[in-house]
Amino acid sequence: MNSLATAVWERRPQQAIRIVDAHAHAGPYSLFFIPEPDPGGMLRVMDRCGVAHAVFSSHLSIQADAAAGNALTAAIVAQAPDRFTGYLTVNPWQDPAAELVRWGDDPRFGGIKLHPDLHDYPLVGSRYAGVWEHAEERGWPVLTHTFSGSPYNDLFHVETVAARHPGATILAGHSGVTPLGIEAAIEVAKRHDNVILEVCGSYNTGTDIVRMVREVGADRVVYGSDFPFIDLRMSLGRILFSGLTDVERAAVLGGTITRLLGGNGM
Amino acid sequence: MNKDRPVLIDADALLGRHPRRDVGGGSAAELLAAMDRVGITAALVGNVTSWLHDPARGNRDLLGLVERHPRLSPCWVLLPDTCGEVGPAAAFADGAAAAGVRAVRAYPRDHGYDLAGRDMAPLLAAVESVRLPLLLDAGQVGWPTTEAIAKAHPRLHIVVGGVGYRMLRQIAGVLDRTANVHIGLADLSSHRGLEWLVERFGERRLVFGTGAPYRDQAEAVTRLLWSELSDAQVAAIGAGNLRRLTEQEAKAA
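Here is what the cut-offs are and how they apply
Residues numbered from 1 in each chain as written. Chains lettered and ligands numbered in written order. Predicted model: local features only at pLDDT ≥ 70, side-chain atom pairs only at ≥ 80, totals over all residues. Helix = DSSP H or I, 4+ residues; strand = E, 2+ residues; numbered from the N terminus. Buried ≥ 20, exposed ≤ 12 C-beta atoms within 10 Å, placed from the backbone. Pairing = 2+ DSSP bridges. Contact = placed C-beta atoms within 7 Å. Axes fitted to C-alpha atoms, helices over the stretch in contact; angles between N-to-C directions. Nonpolar A, V, L, I, M, F, W, Y, C, P; charged D, E, K, R; others polar.

Asks: What is the right way to look at unusual backbone geometry in this model?
Replies: Backbone phi values are negative for most residues with the exception of glycine, while trans is the configuration of most peptide bonds. Following F227 of chain A, the chain continues into P228 of chain A via a peptide bond in cis, with omega recorded as 5 degrees. Cis rather than trans, the peptide bond between A212 of chain B and P213 of chain B has omega equal to 0 degrees. Of note, P213 of chain B is situated in the loop between β8 (206–207) and α10 (217–225). Unusually for a residue other than glycine, S175 of chain A sits at a positive phi of about 50 degrees. Within the secondary structure layout, S175 of chain A lies in the loop between β6 (170–173) and α9 (179–191). When the 33 C-beta atoms within 10 Å are taken as the criterion, S175 of chain A is described as buried. Positive phi is not limited to glycine here, since D226 of chain A has a value of about 75 degrees.

Structure, rendered in structure tokens:
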């Protein structure tokens, strides 16, 4: 068994590799109660498991107010820049150009976060034009929420923007979530080199993650947890006990997202 | 199995194929191999046939499926006796106990009945009398119904799994007002939710389970073993609480 799984069984933090969580949030969320959702509680879990770094967007930024939420994200990164990097949330209804201008050169941010389902706006819509321009010019990866069957961010929406913007790196958050969505996400990633599969969600499995890596390569699959929306350990455990090789596991757990961020914010 | 590892008994696993996901062949051998991969000692298993085809046949077949596998113990599926499918309440409960069944599970949403209604009351009383825990999935029954049957049958131990990450507001109220409702670890996925529930209600209210094979067993294993709980709390949740609820040792644990 690999050393990370052994660390789980021995109930000690892993120290073998640098784990970077490519899909995180921070703070409370109105739809349900989250115990200790703030950075202190997040760092406790990261330290318990041996997770070095998390790339996140505050819940405030994706829920009520992108401007206030992006400011909160920046403030959290400023408190612990060695542990956190920010995603700049762009809400298409809340002056997206202003957010890109305000934060587009700030080293606390390393990528852009889109959540079309929460904002009732399709990933392919023109209000996101500045996002793709920024992503292609600056090399910031764009993490978008995806969900199979969604009218706003299904995998065919990802395919459309990937084809329109071949210079943009697009992280398909949750890889479609459901078994059907995971199937579609793999197919889209096979057709578009600029689509990266991010693996958090309630229905993914280690078996599916191994299949993703076999189909598109470990340099196109990244670990994310969605914490504190969902506990960090759910997605992490699937990867630790999966049938990936040690080299593949290290790439998925941190190497790939570190390369994609290219030093931005990390 | 490494004796130094915590003992884990999975109270939430199924044998059989799944019609909406590739989970392999669903055999006992496959489940046991998957358990070994993540370090699970034993499991309480149901049969997909009982859930998604014919409860009576699935229950009968399950005894044969686990017969030669001492690490696996059977869990039967309940139905009201309104149509004579699984027999009268007392006969069902006595038959389950005599057959070595360690728990029962209900699918009221998928099987189309009211768990808290008059049709089910005799059966719940019967399984309460033979001290078989009732396993439920949160997607099958609402919290008001769970609370109602817990109060109507105070010696019936109820374990609700599959609670996800959106239910702590409801869970906390029900756990506060009852003593016989427990939460399973399959997809117990609120950030720090396990630690919060243990701190507030004690480790005796949590029961290890995985939701296999639809869910990856590694989720619950990692969640529990990498928790901020003590080794004693992990031992209780991993195996001790289920043993206490079933009042007998799982066959191989």
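Asks: In this structure, what is going on with the sheet that holds strand β3 (residues 84–89) of chain A? I would like to understand it.
Replies: Hydrogen bonds along the backbone pair up the strands of a sheet, which may run parallel or antiparallel. Residues and elements named next belong to chain A. Read across the sheet, 8 strands follow the order β1-β2-β3-β4-β5-β6-β7-β8 without closing on themselves; strand pairing throughout is parallel. The sheet is open, and its two edges are formed by β1 (19–24) and β8 (221–222), each paired on a single side. Across the sheet, helix α12 (residues 246–261) lies against β1, β2 (51–56), β3, β4 (109–114), β7 (195–198) and β8, angled at about 70 degrees from β1, the strand it touches most.

Asks: Is there a simple way to explain the interface of chain A and chain B in this structure?
Replies: Interfaces are often sized by the amount of accessible area the parts lose when they come together. The partner chain B presents 27 residues to the 29 residues of chain A that form the contact. Counting residues per element, the ones that place at least two in the side of chain A that touches chain B are α1 (3–9), α2 (39–49) and α11 (232–240) of chain A. When its residues are assigned to classes, the side of chain A that touches chain B shows 18 nonpolar, 5 polar and 6 charged.

Asks: How do you make sense of the sheet that holds strand β2 (residues 42–47) of chain B when you look at a structure like this?
Replies: All names here are of chain B. With respect to topology, 8 strands assemble into an open sheet ordered β1-β2-β3-β4-β5-β6-β7-β8, the strand pairing being parallel. With partners counted over all chains shown, the strands left at the sheet margins are β1 (9–15) and β8, one partner each. Note: β2 against strand β3 (residues 72–77), 3 bridges, orientation parallel. From the neighbouring strand, L44 faces β3, where its bridge partner is S73. Along the sheet, helix α3 (residues 55–66) makes contact with β1, β2 and β3, crossing β3 at roughly 175 degrees.

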